[in-house]
2 protein chains.
Amino acid sequence: MSDVLRPTPPRALSGFPEWLPRQKLVEESCIAAIRGVFSSYGYTPIETPAVELTEVLAAKGVDHKEIYSLVRLHAEGEEALKRELSLHFDLTVPFARYVAQHQNDLVFPFKRSQIQKVWRGERPAQGRFREFYQADADVICRDNLPACYEAEMLEMIALIFARLPAGPVRVRLNHRQILDGFYGSLGLDEPLRARALLEVDKLEKIGPEVVARILRDDLALEEPRVGKILSFAATKAPIGDLAAALKHLAPENALFLAGAAHLDAIAAMVPPQPGTKFEWCGGISRGLNYYTGVIFETALENAPELGSVCSGGRYDKLASNFAAAAALPGVGLSIGLTRLLSHLFQISGFLDGKSATTTEILMAVPETKDEEATGISTAEQHEKANRRRHALVLLAQEMRQLGCKVEVFHPAKLKKQLTYADRKGIAHVVIPNENANSYEWKDMRSGEQRTLDRTGLLEACARLNP
Amino acid sequence: MSDVLRPTPPRALSGFPEWLPRQKLVEESCIAAIRGVFSSYGYTPIETPAVELTEVLAAKGVDHKEIYSLVRLHAEGEEALKRELSLHFDLTVPFARYVAQHQNDLVFPFKRSQIQKVWRGERPAQGRFREFYQADADVICRDNLPACYEAEMLEMIALIFARLPAGPVRVRLNHRQILDGFYGSLGLDEPLRARALLEVDKLEKIGPEVVARILRDDLALEEPRVGKILSFAATKAPIGDLAAALKHLAPENALFLAGAAHLDAIAAMVPPQPGTKFEWCGGISRGLNYYTGVIFETALENAPELGSVCSGGRYDKLASNFAAAAALPGVGLSIGLTRLLSHLFQISGFLDGKSATTTEILMAVPETKDEEATGISTAEQHEKANRRRHALVLLAQEMRQLGCKVEVFHPAKLKKQLTYADRKGIAHVVIPNENANSYEWKDMRSGEQRTLDRTGLLEACARLNP
């Protein structure tokens, strides 16, 4: 510790959210709910390194500005300019790489869940994060991906949001074939089509006037095509009978009609999901260009302005990019957990009454009388306090074996210990009586207090976690 | 998807380990065991961003070469040279920053657990990782940190390793005051002392001859001091009566004796821990220089050559560095989970029989007879298959509500579905019979098969997760 101590007031880093304990406990419970649904459908957890070869991440038309590369802090010369390693910006590309790399060790259909942080070098703004959690479930098949797995994604979205504290959701779907067919019927081919889709994807953020201007000025599209695109993007319809309902939009286009029929087939496989609405929307196009089939976004009915909190779709060629010859089509969903939580934490009253700990019982440790009076402990008092705490530590171990979460405090004034339990939201405090053969069991919410012997205490513990 | 597809054979990135599903499930179960012990002692989970201000990380004598900084991939000019943001290299420094930053929102003693990846820009070598998991528990107090929290760390280490599949461990302890006292009694003051400690810390890696040469040649120490240092570093003793046992090593040094007495006091507070040995060792010094009191390392008795898999100690000034005026002493432990797992995975037979999924039941979906024969399905067959799968999807939902983890396959040959279950390690397969009112319940391990009606099937499910 030879350095001069220089107190640096720490500051929050914009775009890198950090939760207080009671917020983190909400995040943990949301992760547990999501993980529970994923695993109940057989999506096995995997994890990929946060770091990938830059060439893996930058392979497919990604917005490169968003990629963070790694450089050692004191790298010099050529090393300082190398950008070989980067942080992943989503979990789909690393997963596709994982499947391609390990395909001989995996069993297909390979169903995996992956809940990890991702990083994007964005300019920070409200609701935009540079480090955030995604919770993904994907399935990748060899050769063919049956539509039932696309339906399973929609089923899981409904179940997950039924368990998250965010209210009902609306899932808006589209299909790349519908988009390609419609834009194709207007005479827009690649790369113009992809550019137009990227702009239309910003509709909710920047509004139809701005999108129309960009389509006219930057993409050199003219009326009536700009009007048709905007009108198409605003069109919504219930899924289930899209083939008939949308036919008039591009009647001659086989690709368009095949996409609509495919969405109908998926809808037919999803059991009814109370609390979740599904609808087709011509404006859904997803920015990432690896999607090839169904695409979807999920908005909270109570906060549609938040944007999508769960998106995904089908990608027939992404994993194949990394694996010569093999066809590895996939479909997946990705929940924007950090965006969702930052929204919930801003709701007035949401965190009220939420505990800052998982501890159920605080074992109070009495201060010896002399310590209390003088603040100084003699060797003998120290020895006595030690013996007493030792006995309480052993008792706490027994309580933990009954499934309880127990903190043992240090010798201190009882009032201080009760304040601690109260501020943390610990429900019960055990106060050993002076003779050490009986205990006060205090319920911190009701204030109620009972005297228990050791057997009674352990019985009370067993009842907490039956 | 306008880019030309170019299959890139993916390659593993040295230093960035990645697990296959059955390995990841072992990692998950280890994390659950560690988290279980942490939370049963009241250590509340928190998480800090992977990214910190470089000035926070580099503040205290860290080996800067190991820090990875972030640069946007296509940053140019000045931005490309900026090193404002970096990835954390441990969880202790970010935690200390967190406590200092949020101290007005936290309740002290603040006990937290944190299980996250950390990154180090090391040259990759056997057992050295550039991205790896640490599982930490720390407590930070205001003003005073009672020794009982140091004892609690040792108690938790013993309990955690009793639950991990790594066999018995040996915890070797030392105390910074013992080190400072002993080295001081040899006339070694800062910064020479810190440099000598850093070299002695490498003893197990590079051997006593090399360390002796470095002490002589690079630090200009002469005999008999070099000999005394090496002999001290090799000295071991049981804790509990160190003050007496070590007195002769630096009889005049008050700091040395205070450190020994402090370790004895800690030892007196730890209940007996079967399976875990605690001993003092003069050679334990820990590389990171923020420690001020007890320090410890944990080695597997079955694989001491692996080095420490759980280290930590007491740091009285780390958090205070970030908070003007406040005294925030802390103590903590850190488990090197990735190092531990990479060792376990190399043990022959360790992964044998371990499942690649958490799925308990595979719901088989029969292919219709005509599909089997022709490989082509008509619209009518498609419709029929759809209806059947729909009914099975609903049945699976009921089974999940009973707590089961159930995968529904897609219509395919039964043999293919059984092979899938077998290869993934799924214990049970449900095969709907043609009339759809009865089901075969097949136990994949015993091969035993029973016919059940719907009620019997749901009863069997309920028995799986009582």
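Residues numbered from 1 in each chain as written. Chains lettered and ligands numbered in written order. Predicted model: local features only at pLDDT ≥ 70, side-chain atom pairs only at ≥ 80, totals over all residues. Heavy atoms only, no water.

Side note on the overall build of chain A
Broken down by element type, chain A carries 16 helices and 17 strands. Expected size for 466 residues packed as a compact globule is a radius of gyration near 23 Å; at 29 Å, chain A overshoots this value by more than 25%. With the principal axes as the frame, chain A shows a C-alpha extent of 95 × 60 × 50 Å. Residues counted as buried form 60% of the 466 residues belonging to chain A. Taking all contacts inside chain A whose residues are at least 6 apart in sequence as the whole, residues at least 24 apart take part in 69%. Surface summary for chain A: the accessible area is close to 19,000 Å², and the carbon and sulfur share equals 52%. (Helix = DSSP H or I, 4+ residues; strand = E, 2+ residues; numbered from the N terminus. Rg over C-alpha atoms; globule rule 2.2 N^0.38 Å. Buried < 20%, exposed > 50% of the residue type's maximum accessible area, 1.4 Å probe, protein only. Contact = heavy atoms within 4.5 Å. Areas by Shrake-Rupley, 256 points an atom, 1.4 Å probe, with all protein chains shown as cover.)

Quick notes on the relation of the copies chain B and chain A
Turning chain B through 180 degrees and shifting it by 0.0 Å along the axis lays it on chain A, with an RMSD of 0.0 Å. Both chain copies can therefore be described as sitting about a two-fold axis. No C-alpha of chain B lies nearer the rotation axis than that of L70(B), which sits 2.5 Å from it. (Least-squares fit on C-alpha atoms with pLDDT ≥ 70 in both.)

Structural notes on the sheet that holds strand β12 (residues 330-336) of chain B
Through backbone hydrogen bonds, the strands of a sheet pair up, either in parallel or in antiparallel fashion. All names here are of chain B. Taken in spatial order, the nine strands line up as β1-β5-β6-β12-β11-β10-β7-β9-β8 in an open sheet, and their pairing is mixed. Pairing within the sheet leaves two strands with one partner each, and these edge strands are β1 (44-45) and β8 (236-238). Here three bridges tie β8 to strand β9 (residues 276-281), and the two strands are oriented antiparallel to one another. Bridged to K236 within β9 is C281. (Pairing = 2+ DSSP bridges.)

Side note on the interface of chain B and chain A
Each partner contributes to the interface: chain B provides 116 residues, whereas chain A provides 117 residues. Across the pair E28(B) and R35(A) runs a salt bridge, and its minimum N-O distance is 3.2 Å. Where chain B meets chain A, there are 42 residue pairs in polar contact (both at pLDDT 80 or more). For the side of chain B that touches chain A, the element with the highest residue contribution is helix α1 (residues 21-40) of chain B, accounting for eight residues. As judged from the five bridges shared by strand β3 (residues 68-72) of chain A and strand β3 (residues 68-72) of chain B, these two strands associate in the antiparallel manner. Its bridge partner lying in β3(B), Y68(A) is registered against R72(B). (Salt bridge = Lys/Arg side-chain N within 4 Å of Asp/Glu carboxyl O. Polar contact = N/O pair within 3.5 Å; in protein donor to acceptor, adjacent residues only side chain to side chain.)

Things to note about helix α8 (residues 203-217) of chain A
Here α8(A) is 15 residues long, yet its end C-alpha atoms lie only 16 Å apart, well below the 21 Å a rise of 1.5 Å per residue gives. Contacts made by the buried residues of α8(A) are with α7 (192-200) and α9 (225-233) of chain A. (Expected span 1.5 Å × (residues − 1).)

What to know about the side chain of E18(B)
Note on placement: E18(B) falls in the segment before α1. The buried category is assigned to E18(B), whose relative accessible area is 16%. Side chain to side chain, E18(B) and R97(A) meet in a polar contact 2.8 Å long. A polar atom in the side chain of E18(B) sits 2.6 Å from the side chain of H102(A). Contact partners of E18(B), with chain neighbours within four places excluded, come to E47(A), T48(A), P49(A), R97(A), Y98(A), Q101(A), H102(A) and Q23(B).

Points about the domain arrangement of chain A
Parsing chain A into structural domains produces domain 1 (15-145 + 316-354), domain 2 (169-288) and domain 3 (361-464). Using only C-alpha atoms to locate each centre, domain 1 of chain A and domain 3 of chain A end up separated by 44 Å. (Domains from an automatic or database assignment.)

Describing the packing of helix α6 (residues 176-185) of chain A against helix α11 (residues 254-269) of chain A
Residue and element names in this part refer to chain A. Put simply, α6 and α11 touch, their axes get as near as 7 Å, and they point 155 degrees apart. With respect to α11, the axis of α6 lies roughly antiparallel. In this structure, α6 crosses over α11, and the sense of that crossing is left-handed. Taking contact as the criterion, the partners of Q177, I178, D180, G181 and F182 in α6 are, on α11, L255, F256, A258, G259, A260 and L263. The residue inventory of the contact of α6 with α11, partitioned by class, reads seven nonpolar, three polar and one charged. (Axes fitted to C-alpha atoms, helices over the stretch in contact; angles between N-to-C directions. Parallel < 35°, antiparallel > 145°, perpendicular 65-115°, else oblique. Left-handed = near helix turned anticlockwise from the far one by under 90°. Nonpolar A, V, L, I, M, F, W, Y, C, P; charged D, E, K, R; others polar.)

Quick word on the environment of G259(A)
All names here are of chain A. Its location among the elements puts G259 in helix α11. By relative accessible area, which is 0% here, G259 ends up buried. Sequence separation of G259 and N174 is 85 residues, and the distance between their C-alpha atoms is 8.6 Å. Apart from residues no more than four positions distant in its own chain, G259 is found in contact with H175, Q177 and I178.

Things to note about the pattern of salt bridges
Residues and elements named next belong to chain B. Taken as a whole and assessed by the stated rule, the structure comprises 53 salt bridges over all chains. R314 is the partner of D316 in a salt bridge, and the nearest nitrogen-oxygen pair spans 2.9 Å. Here R314 falls in the buried class, since its relative accessible area comes to 10%.

Description of the packing of helix α1 (residues 21-40) of chain A against helix α12 (residues 337-346) of chain A
Residue and element names in this part refer to chain A. It is at 11 Å that the axes of α1 and α12 come closest, and there the two elements cross at 135 degrees. For the element pair α1 / α12, the angle class is oblique. Crossing hand, α1 versus α12: right-handed. For the pair α1 and α12, the contacting residues are Q23, V26, E27, C30, I31 and I34 in the first and L337, L341 and F345 in the second.

Let's talk about unusual backbone geometry
E190(A) connects to P191(A) through a cis peptide bond whose omega is 0 degrees. In this chain, F108(B) is followed by P109(B) through a cis amide linkage whose omega measures 0 degrees. Tracing the backbone shows P109(B) in the loop between α4 (92-102) and β5 (110-119). Notably, D143(A) is not glycine yet its phi reads approximately 70 degrees, a positive angle. Relative to the assigned elements, D143(A) resides in the loop between β6 (131-140) and α5 (147-163). Residue D143(A) is classed as exposed on the basis of its relative accessible area of 54%. With a phi close to 60 degrees, A220(A) is a non-glycine residue in the positive phi region. Within the fold, A220(A) resides in the loop between α8 and α9.

Things to note about the pairing of β3(A)
Look at any regular strand and the pattern is simple: side chains alternate between the two faces of the sheet. Across the five residues of β3(A), five count as buried, placing the element largely inside the fold. Side-chain alternation along β3(A) places Y68(A), L70(A) and R72(A) on one buried face and S69(A) and V71(A) on a second face that is also buried.

Comments concerning the side chain of Q134(B)
Residues and elements named next belong to chain B. Looking at the element boundaries, Q134 is found in strand β6 (residues 131-140). Under the relative-accessibility criterion, Q134 is labelled buried at 9%. Non-local contacts of Q134, meaning those with residues more than four positions away in its chain, are made with D90, L91, Q114, I115, Q116, V118, R120, S334 and I335.

A short note on the packing of aromatic side chains
Counting across every chain of the model gives 23 aromatic pairs over all chains. Judged by centre distance (6.5 Å) and plane angle (90 degrees), the ring pair of Y183(B) and F232(B) falls under edge-to-face. Residue Y183(B) is located in helix α6 (residues 176-185), and its partner F232(B) is located in helix α9 (residues 225-233); the two are separated by 49 residues in the primary sequence. Judged on exposure class, the residue Y183(B) and its partner F232(B) are both buried. Within the aromatic cluster, the residues linked to one another by ring pairs are F182(A), Y183(A), F232(A) and W280(A). The positively charged end of K354(B) is found above the aromatic ring belonging to F350(B), 4.8 Å away from the centroid. (Phe/Tyr/Trp six-rings, centres within 6.5 Å; stacked < 30°, edge-to-face > 60°. Lys NZ or Arg CZ within 6 Å of the ring centre and 35° of its normal.)

A word on the confidence of the model for chain A
All names here are of chain A. The pLDDT averaged across chain A works out to 90; a share of 92% of its residues lies at or above 70. Confidence drops under pLDDT 50 across residues 1-6; counting only partners more than four residues distant or on other chains, this segment forms 15 contacts. In the model output, the complex is listed with pTM 0.93 alongside ipTM 0.93. (pLDDT = per-residue confidence, 0-100.)

Digging into the environment of V294(A)
Residue and element names in this part refer to chain A. Position of V294 relative to the elements: it lies in strand β10 (residues 294-300). Taking relative accessible area as the criterion, V294 reaches 3% and is therefore assigned buried. Along the primary structure V294 and N174 are separated by 120 residues, whereas in three dimensions their C-alpha atoms are 5.8 Å apart. If we skip the residues at most four places from it in the chain, V294 touches E150, L173, N174, H175, L263, I266, G312, G313 and R314.

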